[in-house]
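Structural description and commentary
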Amino acid sequence: MYVVATPIGNLGDISLRALETLRGVDLVACEDTRHARHLLDHHGIKVPTLALHQHNENAAADKLIRLLGEGKSVALVSDAGTPGVSDPGARTVAAVRTAGFRVIPLPGPNAAIAALSAAGLADARFLFVGFLPAKVGARRTAIQELAGVDAALVFYEAPHRVVETVGELAELLQPQREIVIARELTKLFEQIERMPLTQAPAWLAADANHQRGEFVLVVSAPPPREGMDAETERVLATLLAELPVRQAAKLAAEITGQPKNALYARALELKAQDL
Ligand code: SAM
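Residues numbered from 1 in each chain as written. Predicted model: local features only at pLDDT ≥ 70, side-chain atom pairs only at ≥ 80, totals over all residues. Heavy atoms only, no water.

Among the nonpolar cores identified, the biggest contains 23 residues, and Phe155, Leu169, Leu173, Ile179, Ile181, Leu217 and Val219 are the most heavily contacted of them. Listing elements by their share of this core, those giving two or more residues are helix H6 (136-146), strand S7 (152-157), helix H7 (162-172), strand S8 (178-183), helix H8 (200-205) and strand S10 (215-219). In terms of residue count, the dominant contributor to this core is H7 (five residues). Those residues in contact with Ile181 that sit more than four places away from it in its chain are Gln191, Ile192, Glu193, Met195, Ala200, Trp203, Leu204, Phe215, Val216 and Leu217. One finds Leu19, Cys30, Leu39 and Ile104 within the second-largest nonpolar core, a separate group that totals 17 residues. (Core = buried A, V, L, I, M, F, W, Y, C linked by side-chain atoms within 4.5 Å. Buried < 20%, exposed > 50% of the residue type's maximum accessible area, 1.4 Å probe, protein only. Helix = DSSP H or I, 4+ residues; strand = E, 2+ residues; numbered from the N terminus. Contact = heavy atoms within 4.5 Å.)

Structure representation (structure tokens):
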């Protein structure tokens, strides 16, 4: 089974190998048959299609496995970009591999990587988050947890939620961070803007067009953590000599008023140095 990345907007963004493969297989499994047909017709490819989406993925995967067993070749595509990346495909790939068939990836378009390539952030590491939870509480908790991750963060977002999400990122992440808002990549109204995270809500509000289309949000890594003051470090080290890490961090937080998470992280470092 070939896993084939397809364009995220511009139909020209498809590799020669992808076209050759789609032309040569017996069946193309796709999220939405009309969507895939549009791409296949554009390139004059007449292969039959089979719908495989999140609601029928298990049954469709069984069917693919039967066809592979009969010696047929199959390509798996999603509506846009790379299958399995914030798209169905992972369950099918796992089932096909478990059934003993080879899975061959054909790399190509991906919105996150396209945005990163044009973001110009110097951060060495990035974390692909994809879509945040839809419910406000879960989303805010997720963002708060991500604040401690020492990497650039890459989000996918839909137009109806982008204002809310960017507002929460600006509220809950460190104010020194920057954001690159990449909308409508590879399409007619492509726009890639870099700005301080704190200014992003105003930028979105300034023009209704800024809120339209498909979005990748790339937030730069947090500023380097400042060292702990000497007194806090002394309290923590003293407690750590007598107590387990978690308890030492908790007590040190009560005594010094410093955040427990930071003390716990520092306690782990001190413990590691001790070993
Ligand atoms: N599998 C795709 C990939 O490889 O990028 C992602 C599919 S996911 C269902 C759709 C989301 O990807 C959109 O809501 C948006 O966040 C992002 N996306 C897809 N195409 C995009 C584009 N042309 N410009 C900006 N973001 C895009």
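Still to come is the rest of the account.
A contiguous nonpolar surface patch, about 270 Å² in accessible area, is contributed by Ile113, Phe126 and Phe128. Note that Phe126 resides in strand S6 (residues 126-131). (Patch = residues over 30% accessible without salt bridge, like charges linked within 9 Å, V, L, I, M, F, W, Y side chains within 5 Å. Areas by Shrake-Rupley, 256 points an atom, 1.4 Å probe, with all protein chains shown as cover. Salt bridge = Lys/Arg side-chain N within 4 Å of Asp/Glu carboxyl O.)

Pairing is mixed across the open sheet formed by five strands, whose spatial order is S6-S7-S10-S8-S9. Of all strands in the sheet, those bounded by a partner on one side alone are S6 and strand S9 (191-196). Adjacent strand axes in the sheet meet at a mean angle of 15 degrees when their direction is disregarded. Judged from the five bridges that link them, S6 and S7 form a sheet pairing that is parallel. Its bridge partner lying in S7, Leu127 is registered against Leu153. (Pairing = 2+ DSSP bridges. Axes fitted to C-alpha atoms, helices over the stretch in contact; angles between N-to-C directions.)

Quick look at the packing of helix H10 (residues 245-256) against helix H11 (residues 260-274) now. Two packed helices can be described by the angle between their axes and the distance between those axes. Across the interface, H10 lies against H11 with an axial gap of 8 Å and an inter-helix angle of 135 degrees. Considering their axes alone, H10 and H11 lie oblique with respect to each other. Regarding H10 and H11, the two cross each other, and that crossing is right-handed. Along its contact with H10, which presents Val245, Arg246, Ala249, Lys250, Ala252, Ala253 and Thr256, the element H11 presents Lys260, Leu263, Tyr264, Ala267, Leu268 and Lys271. The residue inventory of the contact of H10 with H11, partitioned by class, reads eight nonpolar, one polar and four charged. (Parallel < 35°, antiparallel > 145°, perpendicular 65-115°, else oblique. Left-handed = near helix turned anticlockwise from the far one by under 90°. Nonpolar A, V, L, I, M, F, W, Y, C, P; charged D, E, K, R; others polar.)

Moving on, we come to the sheet that holds strand S4 (residues 74-76). The parallel open sheet is built from five strands, whose spatial order is S3-S2-S4-S1-S5. If you trace the sheet from one side to the other, it starts and ends with strand S3 (49-51) and strand S5 (104-106), each paired once. Geometrically, the sheet is characterised by an average inter-axis angle of 25 degrees between neighbouring strands, direction not taken into account. One ladder, built from three bridges, connects strand S2 (residues 27-30) with S4; its direction is parallel. Counted as the bridge partner of Leu27 is Val74 from S4. Sheet strands touched by helix H3 (residues 57-69): S2, S3 and S4. Its angle to S3, the strand with the most contacts, is close to 150 degrees.

Turning our attention to the side chain of Glu31. Within the secondary structure, Glu31 is located in the loop between S2 and helix H2 (33-42). Look at Glu31: it is buried, it has no salt bridge, and the nearest opposite charge is Arg91 at 11 Å. Separated by 2.8 Å, the side chain of Glu31 and the backbone nitrogen of Asp79 make a polar contact. In this structure, Glu31 is in contact with Leu52, His53, Val77, Ser78, Asp79, Asp87 and Pro88, ignoring residues within four places of it in sequence. (Lys, Arg positive; Asp, Glu negative; His and termini not counted. Polar contact = N/O pair within 3.5 Å; in protein donor to acceptor, adjacent residues only side chain to side chain.)

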